[in-house]
Amino acid sequence: MSSSSTTTTTTRLLMLKASDGVTFEVEEAVATKLGAINNMVEEEGSEDLICLPNVNGKFLGMVLEWCKKHANNNTNSDKGNDEVNKWWDKEFVMDLDQNTLYHLLMAADYLSGTELVDLLTEKVASMIRGKKVEEIRETFKIKSDFLPGQEEEIRKKNSWAFE
Amino acid sequence: MESNDENENNRNRCENEVQLGISLGGIPSEVFFDILSRLPLTSLLQCKLVSQLYCSSVKHPLAISMHLSRANLNNPFLICFSDYPISKLDIVDLSSPGNDVFSVRTPNFPLASIFGFGFHPKTKEYKAIKIVYYTEGSNIFTAAIKETEVYILTLGDSEWRHIVQKPLKLITCPASDALVNGNLHWLTMSYQIGEEILRDIISFDLATEDFQVISQPIRLGPNKFLTHLVTLNDCLSAVISSQFGENEIWVLKDYNVKESWTKELVIPDHVPLGFTMNCAPPTRIRLNGTRKRAFRVLCSLKGGEEILFSYRDRCFASFNPSRGEFKDIQIEGLPVEFETIVHVGSLVSVDAAFAGHPAQHHLVV
């Protein structure tokens with residue numbers, strides 16, 4: 001890893017191709033917020049077209065939209081950027097349905113978008129936090145697969161929490 | 001008990017993908033552990049009951065270590081001990097929206113020994129220490145000490161071991177208040193030199209099992225008193241209260257440099273709204289609590305933004321130093337008086353400490 005490899009400031013454009021053939025033209029500075037793409041750029045150097053067979057156009061688009069917003073907010077060297085990012089992140093995850101949330105999380109994880117994975121896992125955690133067992137099952141449509149007596153045993157072991 | 005086959009099955013699934021639920025489909029197990037690591041213990045206990053897969057994921061070593069590394073981001077638990085009218089522990093979850101309280105009955109403690117419990121980061125061992133003073137007469141403050149015995153229990157061993165090292169001065173607080181750098185700390189009994197009343201700090205290194213004396217931060221004069229110790233931002237801190245309504249917090253910035261005591265902030269006296277004055281439990285019944293302090297700093301909240309304290313062992317409030325504001329914290333269902341212990345929730349099991357003596361109450365998942 002060369003320590004002085006600060007990418008040139010002239011905007012270079014990358015082509016990203018999703019599994020369904022949809023392509024996106026993105027500034028390098030934006031796309032390299034994603035660890036996976038950053039690695040490909042560093043390894044393959046001049047390659048301008050990057051194929052991403054594990055993510056489809058819809059969700060790649062959403063991931064890139066998030067990257068773009070964060071890249072823009074960070075270049076405006078204004079104070080209060082963190083506030084803007086936070087506010088925007090909140091809007092971004094507010095109305096996600098579970099299906100979209102799941103596919104976005106998969107896409108962000110696949111592309112190694114650490115900050116975005118953080119945001120999305122926190123969103124899922126907030127859907128579990130403070131809920132009772134039945135409510136968690138209801139939220140994620142899970143059926144209990146415990147054998148008779150098993151659930152009772154766990155309840156007994158931590159009885160202080162279930163009174 | 002689950003059969004081995006099922007365990008095997010769960011483990012295999014864990015290593016690949018987690019079926020989080022129909023609507024969330026299968027996500028990589030590391031991502032699921034990341035989600036779990038963000039939850040407070042009370043939520044994780046609920047998760048254990050959702051399905052076999054949730055249950056095995058909460059117990060997974062990777063989930064446990066991820067949760068531990070995030071532990072300081074969540075607000076801690078408070079364990080409130082009272083022995084009047086019955087001995088019980090109330091566990092308050094400060095990270096739950098309603099400050100939920102869980103109650104556990106405990107056996108009565110007839111002993112007035114000194115206790116400490118902690119983890120040393122270098123040896124990676126949990127140890128408990130018990131210092132027993134044999135006195136002529138029952139009052140530890142007035143009776144002559146005949147003998148001192150020190151016992152150590154290393155987590156995983158089944159028996160307490162007797163060690164020859166002894167604290168260099170008489171310790172009077174019943175339990176260690178501060179664990180810093182793998183060292184437990186207690187305050188000694190106060191003693192007088194000239195006009196001045198002094199109180200030293202005794203440390204016990206959990207790795208070397210040695211006691212040391214740490215001098216108190218400043219010369220106090222007749223109107224100030226070192227009341228208690230607390231860990232703030234991983235630093236040993238001493239709270240010095242004056243007769244004029246102020247409480248100074250002194251922080252030992254560099255643990256190994258005894259000159260690094262710094263006055264960090266001053267909190268004025270404050271009586272929280274929840275303080276009940278008119279019902280007094282007979283204090284002589286409080287076998288295991290001799291502190292009875294007006295003001296006791298417990299921990300910092302919200303990553304250091306606020307300082308949580310208890311008032312006369314009866315109620316809680318927090319102080320925001322940057323705004324100079326107090327916030328009273330009302331928690332329903334606690335006894336009139338209690339001792340509070342700050343507890344950072346972790347999934348690391350301490351069951352092994354009770355080998356041969358099954359723990360009566362599991363505070364740890």
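Since this is a predicted model, take the numbers as computed values, not measurements. (Residues numbered from 1 in each chain as written. Chains lettered and ligands numbered in written order. Predicted model: local features only at pLDDT ≥ 70, side-chain atom pairs only at ≥ 80, totals over all residues. Heavy atoms only, no water.)

## As for the pairing of strand β11 (residues 183–187) of chain B
All names here are of chain B. Most of β11 sits out of view: five of its five residues are buried. Covered by surrounding structure in β11 are N183, H185 and L187 together with L184 and W186, the residues of both alternating faces. In the sheet, strand β10 (residues 178–180) pairs with β11 via three bridges, with the strands oriented antiparallel. Along β11, the bridge assignment pairs L179 with L184. The turn joining β10 and β11, which pair antiparallel and follow one another in sequence, is formed by two residues; a positive phi near 55 degrees is taken by N181. When β11 meets strand β14 (residues 201–205), the two strands line up antiparallel, connected through five bridges. Across the sheet, residue L187 finds its bridge partner in β14, namely I201. (Buried < 20%, exposed > 50% of the residue type's maximum accessible area, 1.4 Å probe, protein only. Helix = DSSP H or I, 4+ residues; strand = E, 2+ residues; numbered from the N terminus. Pairing = 2+ DSSP bridges.)

## Quick notes on the pattern of salt bridges
Across all of its chains, the model carries 19 salt bridges over all chains by this definition. Residue A:R129 pairs with A:E122 through a salt bridge whose shortest N-O separation is 2.9 Å. When its relative accessible area of 29% is taken as the criterion, A:R129 is described as partly exposed. A:E122 gets classed as partly exposed once you look at its relative accessible area, which sits at 29%. Each of the salt bridges in this network shares a partner with another, and the network as a whole consists of A:D118, A:E122, A:R129, B:D34, B:R38 and B:R70. (Salt bridge = Lys/Arg side-chain N within 4 Å of Asp/Glu carboxyl O.)

## Side note on the pairing of strand β3 (residues 49–52) of chain A
All names here are of chain A. Residues I50 and L52 line the buried face of β3, whereas the alternating positions L49 and C51 sit on a face that is not buried. The pairing of strand β1 (residues 13–18) with β3 spans four bridges and is classified as parallel. For M15, the partnering residue across the bridge sits in β3 and is L49.

## Some words on the packing of helix α4 (residues 81–94) of chain A against helix α6 (residues 114–128) of chain A
Residues and elements named next belong to chain A. Contact pair α4 / α6: the axes reach a minimum separation of 11 Å and the direction vectors enclose 55 degrees. Between α4 and α6, the angle is such that the two are oblique. Where α4 crosses over α6, the handedness of that crossing is right-handed. Listed contacts from α6 to D89, F92, V93 and M94 of α4 are L116, L119, L120 and K123. Classifying every residue of the contact of α4 with α6 by side-chain character gives six nonpolar, no polar and two charged. (Axes fitted to C-alpha atoms, helices over the stretch in contact; angles between N-to-C directions. Parallel < 35°, antiparallel > 145°, perpendicular 65-115°, else oblique. Left-handed = near helix turned anticlockwise from the far one by under 90°. Contact = heavy atoms within 4.5 Å. Nonpolar A, V, L, I, M, F, W, Y, C, P; charged D, E, K, R; others polar.)

## Structural notes on the nonpolar core
Counting residues in each nonpolar core, the largest one holds 64 residues, and the members touching the most others are A:L16, A:I37 and A:L120. Those residues in contact with A:L120 that sit more than four places away from it in its chain are A:V93, A:L96, A:L101, A:L104, A:L105 and A:A108. (Core = buried A, V, L, I, M, F, W, Y, C linked by side-chain atoms within 4.5 Å.)

## Side note on unusual backbone geometry
Apart from glycine, the bulk of residues carry a negative phi angle, and the bulk of peptide bonds sit in the trans form. With phi around 55 degrees, A:K141 is a residue other than glycine that occupies positive phi space. Tracing the backbone shows A:K141 in the loop between α7 (133–140) and α8 (150–157). For B:N233, which is not glycine, the phi dihedral falls at a positive 50 degrees. Along the chain, B:N233 falls in the loop between β16 (224–232) and β17 (235–242).

## Quick word on the confidence of the model for chain A
Residue and element names in this part refer to chain A. Per-chain confidence: chain A averages 82 in pLDDT, with 85% of residues scoring 70 or above. Mean pLDDT across the elements of chain A bottoms out in helix α2 (residues 35–44) (82) and peaks in α6 (92). Per-residue pLDDT stays below 50 along residues 1–8; that stretch engages in one contact with residues further than four places along the chain or on separate chains. (pLDDT = per-residue confidence, 0-100.)

## A look at the environment of B:N256
All names here are of chain B. For N256, the position within the fold is in the loop between β18 (246–252) and β19 (261–268). Relative accessible area serves as the criterion here: at 61%, N256 is assigned to the exposed category. With 75 residues separating them along the chain, N256 and N181 place their C-alpha atoms 9.7 Å apart.

## Description of the sheet that holds strand β20 (residues 295–301) of chain B
Residues and elements named next belong to chain B. Read across the sheet, four strands follow the order β20-β21-β22-β23 without closing on themselves; strand pairing throughout is antiparallel. Bordering the open sheet on either side are β20 and β23 (325–329), each of which pairs with just one other strand. Each strand of the sheet is rotated relative to its neighbour by a mean of 30 degrees, with strand direction disregarded. When strand β22 (residues 315–320) meets β23, the two strands line up antiparallel, connected through five bridges.

## Points about the packing of helix α5 (residues 98–110) of chain A against α6(A)
Residues and elements named next belong to chain A. It is the contact of α5 with α6, at a shortest axis distance of 9 Å, that shows an interaxial angle of 145 degrees. For the pair α5 and α6, the crossing hand works out as left-handed. Counting all contacts with α5, which are made through Q98, L101, L104, L105, A108 and D109, the residues of α6 involved are L116, V117, L120, T121, K123, V124 and M127.

## Re the confidence of the model for chain B
Residues and elements named next belong to chain B. Confidence in the prediction for chain B averages 76 pLDDT; 73% of positions are at 70 or higher. Mean pLDDT values for the elements of chain B range from 43 in helix α1 (residues 4–15) up to 93 in β14. Note on residues 1–16: pLDDT under 50 across the span, and 19 contacts to partners over four residues away in sequence or across chains. Under a pLDDT of 50 for its full length, residues 282–291 has, in the predicted model, 27 contacts with residues more than four places off or in other chains.

## As for the side chain of B:H67
Residue position: B:H67 is located in helix α5 (residues 61–70). Within the structure, the side chain of B:H67 is placed 3.0 Å from the backbone oxygen of B:L39, a separation counted as a polar contact. (Polar contact = N/O pair within 3.5 Å; in protein donor to acceptor, adjacent residues only side chain to side chain.)

## Things to note about helix α2 (residues 29–37) of chain B
With eight of its nine residues buried, α2(B) lies for the most part within the structure. Among the residues of α2(B), those classed as buried are B:S29, B:V31, B:F32, B:F33, B:D34, B:I35, B:L36 and B:S37.

## Brief notes about the sheet that holds strand β2 (residues 23–27) of chain A
Residues and elements named next belong to chain A. Taken in spatial order, the three strands line up as β2-β1-β3 in an open sheet, and their pairing is mixed. A strand with exactly one partner marks an edge of an open sheet, and here the two such strands are β2 and β3. Taking the axes of each pair of neighbouring strands and ignoring which way they run, one obtains an average angle of 25 degrees across the sheet. Sheet analysis places β1 next to β2, joined by five bridges and oriented antiparallel. If you follow L13 over to β2, its bridge partner there is E27.

## Thoughts on the packing of aromatic side chains
All names here are of chain B. For the structure shown, the criterion picks out nine aromatic pairs over all chains. Ring-pair connections join several aromatic residues into one group, and the members of that group are F295, F309, F319 and F326. The ring of Y151 is capped by K130, whose NZ or CZ atom sits 5.7 Å from the centre of that ring. Between the NZ or CZ atom of K258 and the centre of the ring of Y255, over which it lies, the distance is 4.7 Å. (Phe/Tyr/Trp six-rings, centres within 6.5 Å; stacked < 30°, edge-to-face > 60°. Lys NZ or Arg CZ within 6 Å of the ring centre and 35° of its normal.)

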